[in-house]
Amino acid sequence: MKYNRNEYFRYTFGEPCDATFRLIKQPVGNAGVELSKKGACKIIDISPNGLKMFSELFISIDQLHHVELNFTLDTNPISMVGEFVWSHRKAFGHEYGVKLVGDSESEKMIIGELKNRSRKEMELKK
């Protein structure tokens, strides 16, 4: 799968945004979706359709393809499911590209939260 970074915008955080994630294991039969324990991560940049995250933990994205992410961009908590599309080893951990699986409502919520966050950051700089 090829990752498309040519989206209409991508917001890069000055200070990475704290988040948590849980890996989604493939459902077995009718048992439903099985989730791992929560792990900590930082969101480096985000768009309505994807994000780049950093974690000290190694994730074998060849075996575990899906992730549930929980984060707050401004005031509203956001929980979304995504698919890993790439990974890069870094000095103190790993960066992962995640394609978010959402609808137009979740995209609008991300855009709205980023606008509010950006306005507040601009006001603080004045």
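Sequence order as written defines residue numbering, which begins from 1 separately in each chain. The predicted nature of this model means local features are confined to residues of pLDDT at least 70 and side-chain atom pairs, given and counted, to a pLDDT of 80 or more, with totals for whole chains, interfaces and linings taken over all residues. Where side-chain values are given, they derive from all heavy atoms of the structure, hydrogens and water being excluded.

**Q** What am I meant to see in the overall build of the protein chain here?
**A** The helix and strand inventory of the protein chain stands at 1 helix and 7 strands. Helix numbers and strand numbers start at the N terminus; a helix is a DSSP run of H or I with at least 4 residues, a strand a run of E with at least 2. Counting from the amino terminus, the protein chain carries its helices and strands in the arrangement β-β-β-β-β-β-β-α. Accessible area is worked out with a 1.4 Å probe on protein chains only. A residue is then buried under 20% of its type maximum, exposed over 50%, and partly exposed in between. Looking at the protein chain residue by residue over its 126 residues, the buried ones come to 38%. A 1.4 Å probe and the Shrake-Rupley method give the accessible areas. Residues count as covered only by the protein chains that appear here. As displayed, the protein chain offers around 8,000 Å² of accessible surface, 52% of which is attributable to carbon and sulfur atoms.

**Q** Hey, could you run me through the packing of aromatic side chains in this one?
**A** Here the distance between the centres and the angle between the planes together describe a pair of aromatic rings. Any pair of Phe, Tyr and Trp rings, taking the six-membered ring for Trp, is counted once the centres come within 6.5 Å. Such a pair is stacked with planes under 30 degrees apart, edge-to-face with planes over 60 apart, and tilted for the rest. Following the criterion strictly, the structure yields 2 aromatic pairs and no others. Relative to Phe-13, the ring of Tyr-11 has its centre 5.1 Å away and its plane inclined at 75°; by these criteria the two rings are edge-to-face. A residue is classified by how much of its surface remains accessible, and Tyr-11, at 16% relative accessible area, is buried.

**Q** What exactly am I supposed to notice about the environment of Gly-93 here?
**A** Within the secondary structure, Gly-93 is located in strand β7 (residues 93–101). Put simply, Gly-93 and Phe-58 are 35 residues apart on the chain and 7.2 Å apart in space, counted from C-alpha to C-alpha.

**Q** Is there a simple way to think about the pattern of salt bridges in this case?
**A** Pairs can form between side chains of opposite charge once their charged atoms are near each other. We define a salt bridge as a contact between a side-chain nitrogen of Lys or Arg and a carboxyl oxygen of Asp or Glu at a distance within 4 Å. Overall, the coordinates contain 6 salt bridges when judged by the stated rule. Between Arg-10 and Asp-45 there is a salt bridge; the shortest N-O distance is 2.8 Å. Residue Arg-10 is found in the segment before β1 (11–25), and its partner Asp-45 is found in strand β3 (residues 39–47); the two are separated by 35 residues along the sequence. Of the two residues, Arg-10 and Asp-45, neither departs from the other in class, the shared state being buried. Across the salt bridge formed by Glu-105 and Lys-108, the nearest N and O atoms sit 4.0 Å from each other. Of this pair, Glu-105 and Lys-108 both sit in helix α1 (residues 104–125), 3 residues apart, which is roughly one turn of the helix. Comparing Glu-105 with Lys-108 shows no difference in burial state: the two are exposed.

**Q** Can you walk me through the side chain of Asp-45 in this structure?
**A** Asp-45 gets classed as buried once you look at its relative accessible area, which sits at 3%. What qualifies as a polar contact is a pair of N or O atoms within 3.5 Å, subject to a donor-acceptor requirement within protein and to the restriction that residues adjacent in sequence count only when both atoms come from side chains. Polar contacts involving the side chain of Asp-45 include one to the side chain of Arg-10, which spans 2.8 Å.

**Q** I would appreciate a short explanation of the pairing of β3 in the present structure.
**A** Consecutive side chains of a regular strand alternate in pointing toward one face of the sheet and then the other. Within β3, 7 of the 9 residues are buried, which leaves the element mostly enclosed by the surrounding structure. Strand pairing is assigned whenever DSSP detects at least two bridges linking the two strands. Where β1 and β3 come together, 7 bridges link them in antiparallel fashion. Paired with Phe-21 across the bridge in β3 is Gly-39. The antiparallel hairpin formed by β3 and strand β4 (residues 50–55) contains 2 residues in its connecting segment.

**Q** Would you explain the nonpolar core in this entry?
**A** Nonpolar side chains in soluble globular proteins generally cluster together in the buried interior. To define a nonpolar core, start from buried Ala, Val, Leu, Ile, Met, Phe, Trp, Tyr and Cys residues and group those joined through side-chain atoms within 4.5 Å. Among the nonpolar cores identified, the biggest contains 25 residues, and Ile-46, Leu-51, Met-53, Leu-69, Phe-71, Leu-73 and Phe-84 are the most heavily contacted of them. Contributing elements (two or more residues each) for this core: β1, β3, β4, β5 (66–72), β6 (77–90), β7 and α1. A per-element tally of this core places β1 first, with 6 residues. Contact criterion: two residues are considered in contact whenever any of their non-hydrogen atoms come within 4.5 Å of each other. The contact partners of Leu-69, leaving out residues within four places of it in the chain, are Thr-20, Phe-21, Cys-41, Leu-51, Met-53, Ile-78, Ser-79, Met-80, Val-98 and Leu-100.

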